[in-house]
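Fold and contact review
Single-letter residue listing:
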Amino acid sequence: MKNNTLECPSVDAVMEVFGQLCQIPRPSHHEEKVADFICDYANRLPATKGYENAEPIVVLNHMDMVCVGMNNPLEDTPKPVVKDGWMSADGTSLGADNGIGLSMALAMIADERIVHGPVEVITTTNEEDGMTGAASLASDFIKGRKIINLDSEDYDTITTGAAGALIQRHVIPAKMVDAPEGKRRWYKIRISGGKGGHSGVDINKGRASAVVMAWAIIAAIYNEYDMELAYINIGEANASIASNAEFIITVPSGEASEFVKAQEEVFNEWVQEEYGDTDPDVRCSVEKVKPLDKVLDHDAFHRMMVCLEQIPQGVVKMSEVMEDTVETSNNVGRVMLQDEGIVVTTHTRSFIDDDMRAQAYDIAKVFAEEGASSETIMEAPAWKEDQKSDFLRMTSDTFESVLGWRPRMVAMHFVLEAGYFVAKFPGVQMASIGPRILEPHSTSERVEMKTIGDIWKVFVELLRKLANNPTTNV
């Protein structure tokens, strides 16, 4: 095989593709437009001439993104802004997760100068809200057994393991009834400004969950006065720490009304004491609004409060074998009033599959005791790679030869599609790499520009090494 090294093509090609992706709406479950865009490229890439007999390599990424801060994710798209070496979006999530990885895969397909063996590019749907794309792959869908996964967010890391994840959707039966009569005041209470973030990697960073805060405000009023709830909408996505909440309540005029108005000042003081260092921009506002005709039936309202109080939110257990790593967690992503009742979504993660299932079972039991139904909408297994494998050693060597340093090899408290691939395709090995992405799944999501170019160089060189590796030729 040839051993000559071509200079890496410019990362500008990657950023050009990403710029096009940012013009295409691609929320989970609605990837039709971006799928059409991807199909203009190719899903299986012939080898560079002379490398047809090299071992086939799989390049994995996903096409959907978590849409936070968008009024209409089916139409709205992120507006990238570059400042001080970082790219973010103007008021919304950016979609660097996993748009940058997808852009690298497509740029690689389009550039005939890049040396590689046969490549299978897999771009899955609905990774962010169920992983149904990966779960639905046929067991003979891929030939390659070495996978470069471009869906990591830690630039100086090869992700070699990930927690399992189980998403549940709980429905508390509820109906709307006539609003109470008499002299009453109506208020819209908003919580906003929180960092939110990824419900896995950010779960132990002291972020303010709008679910927890909304429950605290409602409980303070509910425990003292005759309160009714007319509307509630908390959170943005199942996979995000909720950063926003909005709910409408009514209480009798007089003392109760004065108590509610005082909550704005009291709660904001508490927020600063509790989250001033970790989430300083969280705010609560109380606004008087016009009366509504209907409120939530009081029994359903009470059962919602009981469920949210009893289920865990945040870190459940730290790992005893992986330093400073969350082992098990649970996040409430959404609480919303729909036609079928009060819908609550929970996202349970753990490096131990049995613990994840046990935690999810306990959560469902809490809801069942309050008359609610629970449905599992995703269950992804945990995954752990052999860090001493030749493939991971080659990946580490490539970082050193290209960038001059070796990356860490760590397991992360987020879920990757790797668990499905390992279970479905025997003998699969995976290395997950990517640029530095901070605050994914939030309006503060940003990616460091320099690291995009660096990972692009590593990716291109790793493909070349694999094509030239005599032990991988067939």
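Higher on the page you've got the structure.
Presented here is an overview of the structure given in this document. Remember, predicted model here, so these are calculated numbers, not experimental data.

So, about the nonpolar core. Ranked by size, the top nonpolar core spans 52 residues in total, and within it Met 104, Met 108, Ile 148, Trp 456 and Phe 459 carry the most contacts. Secondary-structure elements contributing two or more residues to this core are α1 (12-21), α2 (32-39), β2 (57-62), β4 (86-89), α3 (96-110), β5 (119-124), α9 (390-403) and α11 (449-468). When residues no more than four places from it in sequence are discounted, the contact partners of Met 108 are Leu 45, Val 59, Ile 114, His 116, Val 119, Val 121, Trp 456, Phe 459 and Leu 463. In terms of nonpolar packing, the next biggest core, distinct from the first, is built from 47 residues, Met 213, Tyr 222, Ile 232 and Val 335 among them.

With respect to the helices and strands, the residue Ser 319 is situated in the loop between β15 (314-318) and β16 (326-338). In this structure Ser 319 comes out as buried when scored by relative accessible area, which is 12%. Here Met 322 takes part through its backbone nitrogen, which lies 2.9 Å from a polar atom of the side chain of Ser 319. Not counting residues up to four positions away in its chain, the partners in contact with Ser 319 are Thr 325, Val 326 and Glu 327.

Moving on, we come to the environment of Ile 122. Here Ile 122 is to be found in strand β5. The spatial distance from the C-alpha of Ile 122 to the C-alpha of Thr 348 is 26 Å, given a sequence separation of 226 residues. Excluding its chain neighbours within four sequence positions, the residues that come into contact with Ile 122 are Val 58, Val 59, Leu 60, Asn 61, Phe 141, Ile 142 and Phe 421.

Cut-offs applied
Residues numbered from 1 in each chain as written. Predicted model: local features only at pLDDT ≥ 70, side-chain atom pairs only at ≥ 80, totals over all residues. Heavy atoms only, no water. Core = buried A, V, L, I, M, F, W, Y, C linked by side-chain atoms within 4.5 Å. Buried < 20%, exposed > 50% of the residue type's maximum accessible area, 1.4 Å probe, protein only. Helix = DSSP H or I, 4+ residues; strand = E, 2+ residues; numbered from the N terminus. Contact = heavy atoms within 4.5 Å. Polar contact = N/O pair within 3.5 Å; in protein donor to acceptor, adjacent residues only side chain to side chain.

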